[in-house]
Amino acid sequence: MKLFARPKMTNEERKRCLVYHDEELRVAAFLDRERSLLDSTLGEHWDAMTESPLAAGEVCRASDRFRQAAEEAVRRHAAIRSVPAAASKFYGAESSYFLSISAWAKANLAVMETLAKGRPPFYVCFERLKDAAESARQQARERYRSFRRRLGLTVNPAEALENALRRHDFKGGEIDDWQPEPYTRDFSEAKNRIIEHKENGTQATVNIMGHNPAADMNPCVNANIGCCTTTPDIDWRGAATWYTKGCDLAALDRHEEAVDCYDKALKINPRDPAAWSNKGASLAALGRREEAGACYDKAIEIDPQDETAWFNKGVSLAALGRREEAVECFDKAIEIDPRDETAWCAKGVNLAALGRRDEAIVCWDRALAIDTHCVAAWCAKGVSLATVGRHEEAVACCDEALKIDSRIAPVWSNKGNSLTALSRHEEAISCCDKALEIDPQDEAAWYNKGVGLAALDRHEEAIVCFDQALNIDPRLGAAWDKKGNSLTMLRRREEAIGCYARALRIDPQNAPAWYNKALREEECGRSEDAVKSYQQFIEIAPPQRAELVAEARERIQALKGRSDE
């Protein structure tokens, strides 16, 4: 039997193929170089990007550069003028790869920008494109090996293309002067944190209440595989199209439109847990938390092992003030994935809000055992320790967070707060200045700096800081209170009374403000007002203020006696 034999390549054909070989590998080497730059940036900044606007900006800038590079690779590949017949299959495989990697690069940028804004991305479309690019890459490798055999070049059966790129096994050593368009988006104003106002001050914590599920999760595809044999009449393509469109719109913050798309996908396939879960995420972004919770419940009903749905349900319940239920949801998420440090952090935040701080600290320690670079856990643990007066330990937690990323303003502010409590006022002020260099709109840093200055009797400067904090947040009751104290020390009593009144409109249960207001009113000869303020103080004063309550009663008697005279 005669076997089919490929016609022998002429010398002229081989020369043309070698020229094409070098042109094609120049394009591949260009993209390989750009991919290495992206991977290097991701490796350097990934751990910090959801907490640090600076890291987020670097990752998004690198992702946008790679997106442009992939589009440039598609253009360069299409511009190859002469493709020999012997190279046609390799050319076709490379075309598929460059187009696939370009689509993935665009989705990757959308995911990174969503993470940079502190929101959970939608990974299903992203993973589908990533898988398609990897499949195209494998096919291109095979075609490349076959092409090299025809040329009589050596072939490494494992990584022929990669080895050629590393060895510059082509005439591609010249410098490539390609430059991308500059990336203009700025994430320095992204406030990925929770601000909580306490009676003794403002404390800022990193916001870890946005979930970042594992990148290899693809719940939509998994769900389709699971349901396909039982519901063959479902229009999978139509459902997937609406679902993908919803993900794309959500990545652009167009959540109303995204919800409409998810609804269309769910009308076709109401058993898709990913569509329910992502609809919930978009509703939550619109502030419709109750509806979001119902969507997460549907996702969990279909797939009880959907860790992301459990997590996001916990976030929505926490936003509604239903902390106990939120903790239960985070427990479910942890049961499914015990190594999800984000779920451990979120559980800790809610336990702390319930006053269960020892349990919260255990949760943050668990998160740090999983990832020692978890800035959110260091920050939250530091705030909790400071709240119970363990300021030395709180400072140590802030220092650990700052070793990972020194550009997080709230951590500098929190460290300043604890240093003030330790009477290390100059250091505290320096920390607040660091925070304000990074974020001049950080009202917590202005407030904490004012507290430090007041402790050093620098009351004029302290008032300037309190005013800055109040310009940013006029409802910061603690700043009105502290400003009143500094005005008192400067003997500007009428102004102080006005500040205490503002503080009390915000928080009528602020017993010290009632007492201080009463004292200033008495000093200004406003006896009737002082009596009323003392009475208010007596009504709400906690047991530990018993001595001041007794003094307030004495002052009332003295003022009434004076008026009777």
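Structure report, in brief. Owing to the predicted nature of the structure, the values given are computational and were not obtained by experimental measurement.

**Brief notes about helix α11 (residues 307-319)**
Link 1 in the chain: Along its 13 residues, α11 runs 19 Å from first to last C-alpha, staying within 8% of the 18 Å computed at 1.5 Å per residue.
Link 2 in the chain: In terms of residue burial, α11 counts as a mostly covered element, since 12 of its 13 residues are buried.
Link 3 in the chain: Within α11, burial applies to E307, T308, A309, W310, F311, N312, K313, G314, V315, S316, L317 and A318.
Link 4 in the chain: Buried-residue contacts for α11 involve α9 (273-285), α10 (289-302), α12 (323-336) and α13 (341-353).
Link 5 in the chain: Of the residues flanking the end of α11, it is G321, one or two places downstream, whose phi is positive at about 80 degrees.

**Examining the nonpolar core**
Link 1 in the chain: Counting residues in each nonpolar core, the largest one holds 92 residues, and the members touching the most others are Y243, F311, C345, W364, A377, V411 and Y447.
Link 2 in the chain: Considering each element in turn, this core owes the most residues, eight residues, to helix α15 (residues 375-387).
Link 3 in the chain: Within the second largest apolar cluster, 34 residues are counted, among which are V111, L115, L129 and Y183.

**Digging into the packing of aromatic side chains**
Link 1 in the chain: The full count for this structure, using the stated rule, is 13 aromatic pairs.
Link 2 in the chain: Ring centres of F90 and F147 lie 5.6 Å apart, and the angle between their planes is 25 degrees; on these two criteria the pair is classed as stacked. With F90 in helix α3 (residues 88-116) and F147 in helix α4 (residues 123-151), the pair connects residues that are 57 residues apart, well separated along the chain. Assigned by exposure class, F90 and F147 land together as buried.
Link 3 in the chain: Residue placement shows R76 over the ring face of F30; its charged tip is 4.1 Å from the ring centre.
Link 4 in the chain: The ring of W242 carries the charged tip of K264 above its face, separated from the ring centre by 5.1 Å.

**Some details on the packing of helix α1 (residues 11-45) against helix α2 (residues 53-78)**
Link 1 in the chain: Following both chains from N to C, one finds α1 and α2 inclined at 170 degrees, their axes separated by 9 Å at the closest point. As judged from the angle between their axes, α1 and α2 are roughly antiparallel.
Link 2 in the chain: In terms of residue class, the contact of α1 with α2 is made up of 13 nonpolar, four polar and eight charged.

Each value, and the rule that gives it
Residues numbered from 1 in each chain as written. Predicted model: local features only at pLDDT ≥ 70, side-chain atom pairs only at ≥ 80, totals over all residues. Heavy atoms only, no water. Helix = DSSP H or I, 4+ residues; strand = E, 2+ residues; numbered from the N terminus. Expected span 1.5 Å × (residues − 1). Buried < 20%, exposed > 50% of the residue type's maximum accessible area, 1.4 Å probe, protein only. Contact = heavy atoms within 4.5 Å. Core = buried A, V, L, I, M, F, W, Y, C linked by side-chain atoms within 4.5 Å. Phe/Tyr/Trp six-rings, centres within 6.5 Å; stacked < 30°, edge-to-face > 60°. Lys NZ or Arg CZ within 6 Å of the ring centre and 35° of its normal. Axes fitted to C-alpha atoms, helices over the stretch in contact; angles between N-to-C directions. Parallel < 35°, antiparallel > 145°, perpendicular 65-115°, else oblique. Nonpolar A, V, L, I, M, F, W, Y, C, P; charged D, E, K, R; others polar.

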